[in-house]
Amino acid sequence: MECRVLSIQSHVVRGYVGNKSATFPLQVLGFEVDSINSVQFSNHTGYSHWKGQVLTAEELNVLYEGIKLNKVNHYDYILTGYSRDMSFLEMVVDIIQELKKANPSLVYVCDPVMGDQGAMYVPENLLPVYKDKVVPLADILTPNQFEAELLTGRKINTEDDAVEVMDLLHRMGPETVVLTSTDLPSKHGDQFLVALGSQKIVKPDGTNTNQKICMDIPKVDAVFVGTGDLFAAMLLAWTHHHPKDLKAACEKTVSVMHHVIKRTISYAHEMAGPGKRPSPAQLELRMVQSKADIENPAIVVEAKLLQKS
């Protein structure tokens, strides 16, 4: 069966972020990807210069109308990432609602990109839209710690807090929640980042089970752009292949990330030369070069089960 994804994210001419980060890996794993580019920039905004255009809510609607008029608006998945305009985000909500009516088994994967390290980098009026409209529609949600705290109004200081926050997010709608990064201390020391996940599964007899996992991910000392977009796309792909096994899906997702990042940092240091900091251009993800790892990642990060209830 063909599996089709509608991905509404940003686009860059050069490099990897948004749709450029998500489309190739999804295609490699056998998905048909229809992309709507929320922005079209020359490159990501970490460079000294960037130019480009921003898609308005009206223009988004026009593109969607064209798809609908041709009766090709049947999707198995929707994937959304960064959005910085309230009317645009509300139009995305309308489109998702309509597509879910057309296909009730459609899965919506949402990366609620709002901020990090205690600061928001989107307008604050987006938070209520995410809380009240977007998250209730999401089936899979991939916030970082700060975004999860914003959405629930709860702080995460311990693993128990993280579990509680994921449960609160489940109550808002999503069946699968992955906290992609937290400030929690890793048992392996400060060279590791802690990520957690939780999946609600309805068994054939109608009862619920819950799988919760924790992962210690090796840190890399560099700033990469587009990794969050790659994470959400890979989680979509691997939960499709392992629908009732979040542990396996997350291990493959994080292992893909690890291989891509490792290849990227090696290349960047080689290009920059000894003792020099790599430039944003040198740190663009080595996506095409990682095709084999995307298709069949060697597992480098094991997820441990916290509980299954």
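Taking an unreviewed UniProt entry as the reference, the chain is identified by name as Pyridoxal kinase belonging to Seriola lalandi dorsalis. Looking at the Subcellular location (unreviewed entry) heading of the UniProt record, one finds this comment for the chain: "Cytoplasm, Cytosol". If you open the UniProt record of the chain and go to Function (unreviewed entry), you find "Catalyzes the phosphorylation of the dietary vitamin B6 vitamers pyridoxal (PL), pyridoxine (PN) and pyridoxamine (PM) to form pyridoxal 5'-phosphate (PLP), pyridoxine 5'-phosphate (PNP) and pyridoxamine 5'-phosphate (PMP), respectively. PLP is the active form of vitamin B6, and acts as a cofactor for over 140 different enzymatic reactions."

What about the overall build of the chain?
Helix and strand counts for the chain come out as nine helices and twelve strands. Taking 2.2 N^0.38 as the reference for a compact globule, 309 residues should give roughly 19 Å; the C-alpha atoms of the chain span a radius of gyration of 19 Å, in line with that estimate. Projecting the C-alpha coordinates of the chain onto the three principal axes gives extents of approximately 55 × 50 × 40 Å. For the chain, with 309 residues in total, the buried portion stands at 52%. Sequence-distant contacts, at least 24 apart, represent 70% of the contacts inside the chain between residues at least 6 apart. Total accessible area on the chain stands at roughly 14600 Å², and carbon and sulfur atoms take up 52% of it.

Quick word on the packing of helix 2 (residues 57-69) against helix 3 (residues 86-102)
Contact pair helix 2 / helix 3: the axes reach a minimum separation of 8 Å and the direction vectors enclose 20°. Considering their axes alone, helix 2 and helix 3 lie roughly parallel with respect to each other. The crossing of helix 2 and helix 3 is right-handed. Two secondary-structure elements touch here, helix 2 through Ala-57, Leu-60, Asn-61, Tyr-64 and Lys-68 and helix 3 through Ser-87, Phe-88, Met-91, Val-92, Ile-95, Glu-98 and Leu-99. Considering only residue class, the contact of helix 2 with helix 3 consists of eight nonpolar, two polar and two charged.

Thoughts on the pairing of strand 10 (residues 192-202)
Here strand 9 (residues 176-182) pairs with strand 10 via five bridges, running antiparallel. The residue bridging Val-177 from the neighbouring strand is Ser-198, located in strand 10. Taken together, the eleven bridges between strand 10 and strand 11 (residues 208-218) define a ladder with antiparallel strand orientation. Looking at strand 11, one finds that Ile-201 is bridged to Thr-209.

Calculation criteria
Residues numbered from 1 in each chain as written. Predicted model: local features only at pLDDT ≥ 70, side-chain atom pairs only at ≥ 80, totals over all residues. Heavy atoms only, no water. UniProt positions renumbered as here; feature names shortened; annotations may be inferred. Helix = DSSP H or I, 4+ residues; strand = E, 2+ residues; numbered from the N terminus. Rg over C-alpha atoms; globule rule 2.2 N^0.38 Å. Buried < 20%, exposed > 50% of the residue type's maximum accessible area, 1.4 Å probe, protein only. Contact = heavy atoms within 4.5 Å. Areas by Shrake-Rupley, 256 points an atom, 1.4 Å probe, with all protein chains shown as cover. Axes fitted to C-alpha atoms, helices over the stretch in contact; angles between N-to-C directions. Parallel < 35°, antiparallel > 145°, perpendicular 65-115°, else oblique. Left-handed = near helix turned anticlockwise from the far one by under 90°. Nonpolar A, V, L, I, M, F, W, Y, C, P; charged D, E, K, R; others polar. Pairing = 2+ DSSP bridges.

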